[in-house]
Amino acid sequence: MTAPGAPVAPHFRVQRATRTSRTTVVLGVALLAGLATLPAWGESSTMRLLIQFFALLAMAQMWNLLAGYGALVSIGQQAFVGIGAYGLFVFTDLAGLPVLVAIACLAAATVVIAAVTSLFAFRLRGGYFAVGTWVIAEVFRIIVTNVHELGAGTGVTVQSLVRMPAADRLALTYWLALGVGFGSILLVTLVMRSRLGLGLAAIRDSEVAASGLGVNVQLTKRIVYVIASVGCAIAGAVVYVQLLRIQPTAAFSVDWTVKMIFIVVIGGLGRIEGPIVGAIIFTFMRETLADCCPAFPSAYLVALGLLMIVIVVLAPRGLWGLLTSRWPISLVAIRRRLVSRERRS
Amino acid sequence: MNLLEVANANAFYGDFQALFDVSVAVEEGETVAIIGANGAGKSTLLRVIAGLHPLRAGTLAYDGLPIQDVATHRRVLGGICLVPEGRRIFPSLSVDENLQVGAYLGRRGPWNLASVKALFPMLAKVARRSAAVLSGGEQQALAIGRALMANPRLLLLDEVSLGLAPIVVGQLYAAMPQIRAAGMTILLVEQNTNQALAAADRVYCLLEGRVTLTGSPADLARSQISAAYFGF
Amino acid sequence: MVWVNAVIQGILVGGLYALLATGLSLSFGVMRLVNLAHGDLGMLAAYLSLAIVSVAGIGPLESLVVVVPVMMVIGYLLQRSLLNFTLRGEVLPPLLVTFGLAVIIQSGLLTVFSADSQGLNAGAIETASLGINDQIAIGWLSLLTLAVAVTILVALQLLLSRTGLGRALRAASDDGEAARIVGINNRHIYGVAMAIALGTVAIGGVFLGIRTTFGPADGPARLIFAFESVIIGGLGSLWGTLLGGIILGVSQSIGGQISPAYQVLAGHLVFLAILLLRPTGLFSRPGAREA
């Protein structure tokens, strides 16, 4: 019998990992290790495909973090893809830093830029927030188009990387893409497992209730916005390590966000596995439809658009959601369960 | 034949069951009251009858015809009008416009702008004002007036007295006899038991989603009502 | 003087922006729906006009007689067959569906009409102008555009304030559930709202197509101008939208006078400034829905 006033030992602890999730981690690490060896034996076309895949996956994970977990629909993430691209140029060519350091620097710069833009963006809500983010992206695009040092309308080429031998550059980009892709999954997992993630999930369900429980709604949303922006910037930089030629219209094109949205919504909004499924489907459809109808180059976009509409109306949790409604599996451990501490005797 | 027959109604909010096999019947021309504590399911029942909430099981018959799958606006066309909990008047419309939109479907009958304002003179004074700036009592009168404008056969009143001062509640209930005299069938929900018992021909008591008592106020003893209301 | 001219031109184009904005504002007001395909639907109207003009040999202004009803029917059907199903109360579905629609419409227009720049030729009226003095000339077309825009806004305002349909639209916009209990069929009313929205964006799209050249990818820019007009002017007021459009037009015109590269940017900057300083817009109605 404990004395009154003495602290009561908690009878429960929070457990997240499941057998499935532990298996996933093991398999994931093995996959990463295997993929990392690809430059030694694989074809460059495969590596290029995977670079695109993992870069898009990373961007999609960021968009999912915003919209799926945070209920913040942004159509302006392309702003940060462009910032990543031009940041790469600024820090490698203009500042002469090695690639990895440059990426770290542009990430830091993006934190500041994203924090500033959030001042404007968060004056709006819902659909108007969405268009507002688009306007902000357009502002960035127009500004860059008018800055001579950044190549103005014609764009720039990242010279310091041009000098690198093509095979080396491909391998470098490939490993960066692997890092960014797997890193994004890890990042979102860590965020959602943290207090920030718990607060975010609460906000998604009910802002008022979350706020009443002490969650700082505004701050949480902004932090998530900044994280997602940095993720997109890094992914954008990686893309342009491969492409090298940076043009404002392409770098700041809304097409980036179109792809993110298609991937996330079709794959499954609000679940980490969703964008992975979505990215696979996206890549598959783009590759097959591009070959079948050369006269109709945007056929795959129309097909994906229709698929997305069907999914939003009929299966709003996406394909992963459909799958898990039959077989409830969770590859990534986020859910918290209260588990009794008592040993079974 | 009853104007309204609710038989074995079961309604849910997600997994939470709000009504358990509730059966209520209302004859044409009657005034029936549903009393019960907060959360007893009274408003849910009215919303089910009005078409704002689905029935998971049970039947709803109006004038002998099943209406549980009929859309809300069609029920209004058939003569069922709800005065909802919380008034729910349209804040960007004026008082007159609120009344006019009540007559959206153009059902014929004794109620129009003139007769509604004669019933609630307070509305005539604020006719042009935005409904958003009215007092609680005026808003409630407006909500009732708006429902009357549709010339219903069955008027559903949800918690008319909620949040209003006793004197205002008295004024509103003082209008009941005139509404009844025009032949209206009324089903009202009230937490204010005295007011309900005074106004009604028959009464049902709900407790946690179940009917615990029914009868006419004259035949029921206070102790019976209390027991049915509180459950002990 | 050249600045006065810039202001005047800005006012004239502002009416056009207001017209584009009206539909967006109406569908948000009545249904809480921000239609991300709004601009692309305006492009659809312009291309429709183009097709009719080339087939029937009439002018684009005359083609409106066909384009507007067709777009209104499209709007009604779109709302009832698809968009109504997204209005379950969550924020994401309507945005995602209209976004998908925007992509589909753009891709469709690109495939059918190619990426070439197109223009609608309204004939002599395009160049005729009213000379005020040797530095200021007001194009008849611009004047006509402003007149049409204001007329439509007046008509819409009358519809909303004086008719039973207008009351129903405003009631549904205030409280969808309460609208049902007075007998309003929300699904139908939303369809009507979308029909009106597409009717106005069709007129705006055609006039804009006469005024400048256009291509399949111009939809988003129009959406942004419409959106900026709504936000600058403030939600909940058609007159606010008109003034918002005019302010946007004037900002762009003055920016463009400083340098053509700054034209659109100037509008964006004014929009951002309003966001920062007066987020409810300059002329918002108290009690109007928050953005």
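Residue numbers here run from 1 along each chain, matching the order of that chain's written sequence. Ligands are numbered from 1 and chains lettered from A, in the order in which they are written. Thresholds applied to this predicted model are a pLDDT of at least 70 for local features of residues and 80 or more for the giving and counting of side-chain atom pairs; totals over whole chains, interfaces and linings are not thresholded and use all residues. Side-chain metrics in this entry use all non-hydrogen atoms of the structure; hydrogen atoms and water are not considered.

Participant: Hey, could you go over empty space enclosed by the protein for me, with residue numbers and the actual values?
Facilitator: Here a cavity denotes a set of grid points, spaced 1 Å apart and computed over the protein atoms alone, in which a 1.4 Å probe fits but from which it cannot get out, and a pocket denotes an open set meeting protein on both sides within 12 Å along at least five of seven lines; residues with an atom within 4 Å of a point are reported as lining. Grid points are joined across faces, edges and corners, and a volume is the space filled by probe spheres set on the points. The final tally for this structure, using the stated rule, is 2 cavities of 30 Å³ or more. Estimates place the volume of the largest cavity at around 40 Å³. Considering the residues around the largest cavity, the lining is formed by Cys81(B), Leu82(B), Val83(B), Ala143(B), Arg146(B), Ala147(B), Ile181(C) and Val182(C). Three classes are used, and their members are as follows: Ala, Val, Leu, Ile, Met, Phe, Trp, Tyr, Cys and Pro are nonpolar, Asp, Glu, Lys and Arg are charged, and the others, Gly among them, are polar. When the residues that make up the lining of the largest cavity are grouped by side-chain class, the tally is 7 nonpolar, no polar and 1 charged. Taken as a whole, the second largest cavity spans an internal volume of roughly 30 Å³. Along its surface, the second largest cavity is lined by Ala50(B), Thr72(B), Val76(B), Ile80(B), Cys81(B), Leu82(B) and Ile181(C). Numbering goes from the N terminus for both helices and strands, where a helix is a DSSP run of H or I of at least four residues and a strand is a run of E of at least two. At the level of elements, helix 2 (72–78) and strand 6 (80–83) of chain B are the ones that each hand at least two residues to the lining of the second largest cavity. Take the lining of the second largest cavity: its biggest share by element is 3 residues, from strand 6 of chain B. Residues belonging to the lining of the second largest cavity are distributed by class as follows: 6 nonpolar, 1 polar and no charged.

Participant: Pulling in residues and values, what's your account of the arrangement of the chains?
Facilitator: By contact count, the dominant pairing among the 2 pairs of chains in contact is that of chains A and C. Between chain A and chain B there is no contact, and the shortest C-alpha to C-alpha separation is 15 Å. Whether two residues are in contact is decided by their heavy atoms, any of which lying within 4.5 Å being enough.

Participant: Mind laying out the pattern of salt bridges, listing which residues take part and the relevant values?
Facilitator: When a carboxyl oxygen of Asp or Glu is within 4 Å of a side-chain nitrogen of Lys or Arg, the pair counts as a salt bridge. One pass over the structure, following the stated rule, counts 15 salt bridges over all chains. A salt bridge links Arg141(A) to Glu138(A), with the shortest nitrogen-to-oxygen separation between them at 2.7 Å. Note that Arg141(A) and Glu138(A) are positioned in helix 6 (residues 126–145) at a spacing of 3 residues, about one turn of the helix. The residue Arg47(B) makes a salt bridge to Glu177(C) at a minimum N-O spacing of 3.0 Å. Of this pair, Arg47(B) sits in helix 1 (residues 42–50) while Glu177(C) sits in helix 7 (residues 176–181), placing the two residues on different chains. Salt bridges sharing common partners tie together Arg47(B), Arg88(B), Asp175(C) and Glu177(C).

Participant: Could you give me a rundown of the state of the cysteines, with the residues and numbers involved?
Facilitator: Note on disulfides: each one is a pair of cysteine sulfur atoms within 2.5 Å. Under the counting rule described, the total for this entry stands at 0 disulfides over all chains. A disulfide-free cysteine, Cys105(A) has its sulfur positioned 19 Å from the sulfur of Cys232(A), the nearest such atom.

Participant: Requested: an account of unusual backbone geometry, with residues and values cited.
Facilitator: Even without a glycine there, the phi angle at Leu244(A) is positive, about 70°. Phi at Arg88(B) takes a positive value of approximately 55°, unusual for a residue other than glycine. As for its placement among the helices and strands, Arg88(B) is situated in the loop between strand 6 and helix 3 (95–102).

Participant: I'd like to hear about the side chain of Thr98(C), residue by residue, with values.
Facilitator: All names here are of chain C. Locating Thr98 in the fold gives a position in helix 4 (residues 92–113). Since its relative accessible area comes to 0%, Thr98 is described here as buried. In this structure Thr98 touches Val34, Asn35, Leu36, Ala37 and Leu83, once residues within four positions along its chain are discounted. Burial classes: relative accessible area under 20% of the type maximum marks a residue as buried, over 50% as exposed, and values in between as partly exposed (1.4 Å probe, protein chains only).

Participant: Requested: an account of the packing of aromatic side chains, with residues and values cited.
Facilitator: Any pair of Phe, Tyr and Trp rings, taking the six-membered ring for Trp, is counted once the centres come within 6.5 Å. Such a pair is stacked with planes under 30 degrees apart, edge-to-face with planes over 60 apart, and tilted for the rest. The full count for this structure, using the stated rule, is 14 aromatic pairs over all chains. For the ring pair Tyr128(A) and Phe28(C), a centre distance of 4.6 Å and an interplane angle of 40° mean the geometry is tilted. Taken together, the residues Tyr128(A) in helix 6 and Phe28(C) in helix 1 (residues 2–31) connect one chain to another. Across the pair, exposure class does not vary: Tyr128(A) and Phe28(C) are buried alike. Site record: aromatic cluster; members linked through ring pairs are Phe80(A), Phe122(A), Phe129(A) and Tyr225(A). The lysine or arginine in question, Lys259(A), covers the ring of Trp256(A), its NZ or CZ lying 5.6 Å from the ring centre. By the criterion adopted, a ring carries a charge over it if an Arg CZ or a Lys NZ lies within 6 Å of its centre and within 35 degrees of its normal.

Participant: Could you give me a rundown of the sheet that holds strand 8 (residues 185–190) of chain B, with the residues and numbers involved?
Facilitator: In a beta sheet, neighbouring strands are held together by backbone hydrogen bonds and run either parallel or antiparallel to one another. Residue and element names in this part refer to chain B. What the 6 strands build is an open sheet, ordered 6-7-8-3-9-10; its pairing is mixed. Only two strands of the sheet have a single partner each, and these edge strands are strand 6 and strand 10 (210–215). On average, each strand axis in the sheet is inclined to that of its neighbour by 15°, with strand direction left out of account. Note: two strands are recorded as paired if DSSP finds a minimum of 2 bridges between them. Here strand 6 pairs with strand 7 (residues 154–158) via 4 bridges, running parallel. When the bridges of strand 7 are listed, Ile80 appears paired with Leu154. Think of each axis as a best-fit line through the C-alpha atoms, taken over the contacting stretch in the case of a helix, with angles from 0 to 180 degrees between the N-to-C directions.

Participant: Just give me the short version of helix 16 (residues 318–326) of chain A, but keep the residues and values in it.
Facilitator: All names here are of chain A. Every buried residue of helix 16 is accounted for by Gly318, Trp320, Gly321 and Thr324. End-on, the buried residues of helix 16 take up no more than an arc of 100°, which puts them together on one face. Taken together, the buried residues of helix 16 touch helix 13 (255–267), helix 14 (273–292) and helix 15 (299–314). The directions from the helix axis to the C-beta atoms are what the arc is built from.

Participant: How would you summarise the interface of chain C and chain A if you had to cite specific residues and measurements?
Facilitator: Contacts between the two partners involve 42 residues from chain C, matched on the other side by 39 residues from chain A. Both faces considered, chain C and chain A share a buried interface measuring about 3,600 Å² in area, 84% of it formed by carbon and sulfur atoms. Any pair of N or O atoms that falls within 3.5 Å is considered a polar contact. Within protein, one atom must be able to donate a hydrogen and the other to accept it, and sequence-neighbouring residues count only if both atoms are side-chain atoms. Linking chain C with chain A are 3 residue pairs in polar contact (both at pLDDT 80 or more). Only helix 1, helix 4, helix 9 (219–233) and helix 11 (263–277) of chain C provide two or more residues apiece to the side of chain C that touches chain A. Among the elements that take part in the side of chain C that touches chain A, helix 4 of chain C stands out by supplying 13 residues, more than any other. For the side of chain C that touches chain A, a count of residues per class yields 34 nonpolar, 5 polar and 3 charged. As a working definition, buried area equals the accessible area (1.4 Å probe) given up by two parts on being put together, with both sides summed.

Participant: Which residues make up the packing of helix 9 of chain C against helix 10 (residues 238–258) of chain C, and what values go with them?
Facilitator: Residue and element names in this part refer to chain C. Helix 10 packs onto helix 9 with a crossing angle of 115° between their chain directions and a minimal axis gap of 7 Å. Considering only the axes of helix 9 and helix 10, their crossing is right-handed. Taken together, the residues of helix 10 that come into contact with helix 9 (itself represented by Phe225, Glu228, Ser229, Val230, Ile232 and Gly233) are Gly240, Thr241, Gly244, Gly245, Ile247, Leu248 and Gln252. Take the far helix as your reference; a near helix turned counterclockwise from it by less than a right angle gives a left-handed crossing, and one turned clockwise gives a right-handed crossing.

Participant: Can you explain the packing of helix 1 of chain C against helix 5 (residues 140–162) of chain C? Please cite residues and give values.
Facilitator: Two packed helices can be described by the angle between their axes and the distance between those axes. All names here are of chain C. Two elements in contact, helix 1 and helix 5, have axes separated by 8 Å at closest approach and are oriented at 40°. The angle between helix 1 and helix 5 falls in the class oblique. Considering only the axes of helix 1 and helix 5, their crossing is left-handed. Residues Ile11, Leu12, Gly15, Leu16, Ala18, Leu19 and Thr22 of helix 1 pack against Ser142, Leu143, Thr145, Leu146, Ala149, Ile152, Leu153 and Leu156 of helix 5. Of the residues that constitute the contact of helix 1 with helix 5, the class distribution is 11 nonpolar, 4 polar and no charged. The cut-offs work like this: below 35 degrees is roughly parallel, past 145 is roughly antiparallel, 65 to 115 is roughly perpendicular, and the gaps in between are oblique.

This is a description of form; function is not addressed.
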